[in-house]
Amino acid sequence: MLSPLDVLRLYPSHDGTMASMLRSRVSVAGEREFILYQGRSYSYTQVLDEIGRVAAVLAARGVKTDDRIGVMSLNHPSSVFLFFALA
């Protein structure tokens, strides 16, 4: 079993943001499963694509850096996409 530090060493370094962390993972494990929910699987690449779509919708609705957004959500992949897009 790998130690946490060994796992971190598997991926390129990133700047500490959620977006750069995810891009780092996609560069190595793009097609690996990242989310499994009720029998539906999302790879790292698919999650990154979904986050991009959600971010575009938010931007089109006028959401910008430093805005405060309240979220009420169920446990669902769309919640993950939203939280990453807001980050």
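Now for a description of the structure that goes with this document. (Residues numbered from 1 in each chain as written. Predicted model: local features only at pLDDT ≥ 70, side-chain atom pairs only at ≥ 80, totals over all residues. Heavy atoms only, no water.)

1. Considering the nonpolar core
- Membership of the largest hydrophobic core comes to 13 residues, with the highest contact counts inside it found for Leu 22, Ile 35, Tyr 42, Tyr 44, Val 47, Ile 51 and Phe 81.
- At the level of elements, α2 (18–29), α3 (44–60) and α4 (77–86) are the ones that each hand at least two residues to this core.
- With near-sequence residues (within four places) excluded, Phe 81 lies in contact with Ile 35, Tyr 42, Val 47, Glu 50, Ile 51 and Val 54. (Core = buried A, V, L, I, M, F, W, Y, C linked by side-chain atoms within 4.5 Å. Buried < 20%, exposed > 50% of the residue type's maximum accessible area, 1.4 Å probe, protein only. Helix = DSSP H or I, 4+ residues; strand = E, 2+ residues; numbered from the N terminus. Contact = heavy atoms within 4.5 Å.)

2. Some remarks on the pairing of strand β2 (residues 40–43)
- With 4 bridges connecting them, strand β1 (residues 33–37) and β2 associate as antiparallel partners. When the sheet's bridge partners are listed, Tyr 37 is paired in β2 with Arg 40.
- Between β1 and the antiparallel strand that follows it, β2, lie 2 residues; Gln 38 among them carries a positive phi value of about 45°. (Pairing = 2+ DSSP bridges.)

3. Details of a nonpolar patch on the surface
- A surface patch of nonpolar side chains, about 260 Å² in accessible area, is lined by Leu 2, Val 7 and Leu 10.
- With respect to the secondary-structure elements, Leu 2 resides in the segment before α1 (4–8). (Patch = residues over 30% accessible without salt bridge, like charges linked within 9 Å, V, L, I, M, F, W, Y side chains within 5 Å. Areas by Shrake-Rupley, 256 points an atom, 1.4 Å probe, with all protein chains shown as cover. Salt bridge = Lys/Arg side-chain N within 4 Å of Asp/Glu carboxyl O.)

4. As for α4
- Of the residues making up α4, those classed as buried are Pro 77, Ser 79, Phe 81, Phe 84 and Ala 85.
- In this structure, the buried side of α4 is in contact with α2, β1, β2 and α3.

5. Looking at the environment of Phe 81
- When you line up the elements, Phe 81 lands in helix α4.
- In this structure, the C-alpha to C-alpha distance between Phe 81 and Val 47, residues 34 residues apart in sequence, is 6.9 Å.

6. Side note on α3
- Its 17 residues give α3 an end-to-end C-alpha distance of 24 Å, which sits within 8% of 24 Å, the value for a rise of 1.5 Å per residue.
- Turning to α3, its buried residues number three or more, namely Tyr 44, Val 47, Ile 51 and Leu 58. For α3, the angular spread of buried residues about the axis comes to 55°, placing them on one side.
- The inward-facing, buried residues of α3 contact α2, β1, β2 and α4.
- One or two residues past the end of α3 sits Gly 62, with phi positive at roughly 95°. (Expected span 1.5 Å × (residues − 1). Arc of directions from axis to C-beta.)

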